[in-house]
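The lines below spell out each chain.
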Amino acid sequence: MNSRTAISKDAPVLLDMMADLNAIEGIAFSRAKFSRVLKELLDNPELGFVPLFVEDRKTVGYAVVAYSFDLEWGGRDAFITEFYIRSEHRGKGFGKQALDLLERLARKNKIKALHLGVRRENTAAMKLYEGGGFKDWPRRAMSKVL
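Quick caveat, the model's predicted, so the values are computed rather than measured.

About the criteria used
Residues numbered from 1 in each chain as written. Predicted model: local features only at pLDDT ≥ 70, side-chain atom pairs only at ≥ 80, totals over all residues. Heavy atoms only, no water. Core = buried A, V, L, I, M, F, W, Y, C linked by side-chain atoms within 4.5 Å. Buried < 20%, exposed > 50% of the residue type's maximum accessible area, 1.4 Å probe, protein only. Helix = DSSP H or I, 4+ residues; strand = E, 2+ residues; numbered from the N terminus. Contact = heavy atoms within 4.5 Å. Axes fitted to C-alpha atoms, helices over the stretch in contact; angles between N-to-C directions. Parallel < 35°, antiparallel > 145°, perpendicular 65-115°, else oblique. Left-handed = near helix turned anticlockwise from the far one by under 90°.

*Asks:* Please explain the nonpolar core as it appears in this structure.
*Replies:* The tendency in soluble globular proteins is for nonpolar side chains to be buried side by side. Ranked by internal contacts, the top residues of the largest apolar core, which has 21 residues, are Phe53, Val65, Ile80, Phe83, Ile85, Leu102 and Ile111. At the level of elements, strand E4 (58-70), strand E5 (75-85), helix H3 (94-108) and helix H4 (123-131) are the ones that each hand at least two residues to this core. The element best represented in this core is H3, accounting for seven residues. Ignoring anything within four residues of it in the chain, the contact list for Phe83 reads Leu21, Phe53, Tyr62, Ala63, Gly95, Ala98, Leu99, Leu102, Leu128 and Tyr129.

This is the structure:
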């Protein structure tokens, strides 16, 4: 499997996958809103990047990686805000390959730490992430929508 950075023309296929991911996660999805915010991310590489995971010229999945900066981690860090493998490709090792690709891309982009969120009931995803070296953070993550 390979990856390539998504560009504006990839938005329709990305939005289809995003709709599926958000339905699975129980997150309200507005195609118009996500389209606008996705365009902003794709047009501004200083915000992060969106790798598409490709096998035999078919898109297997994608991730959204958003940059941050933290002294604790030694500089630039990033949050994997979305990680998705199409249902027909799950359970075949593509998730592990995609995580490995993400780590290489992160290192290439001088990211010192990668973070992600996962629902505790999603045991398959937790097993994948733990197998990729992700660990529980000793602090509880909290958010406030502004």
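*Asks:* In this structure, what is going on with the packing of helix H1 (residues 11-25) against helix H2 (residues 31-43)? I would like to understand it.
*Replies:* It is at 10 Å that the axes of H1 and H2 come closest, and there the two elements cross at 125 degrees. Classified by the angle their axes make, H1 and H2 are oblique. In terms of crossing hand, the pair formed by H1 and H2 is right-handed. Across the interface between the two elements, Ala11, Pro12, Leu14, Leu15, Asp16, Met18 and Asn22 from H1 touch Arg31, Phe34, Ser35 and Leu38 from H2.

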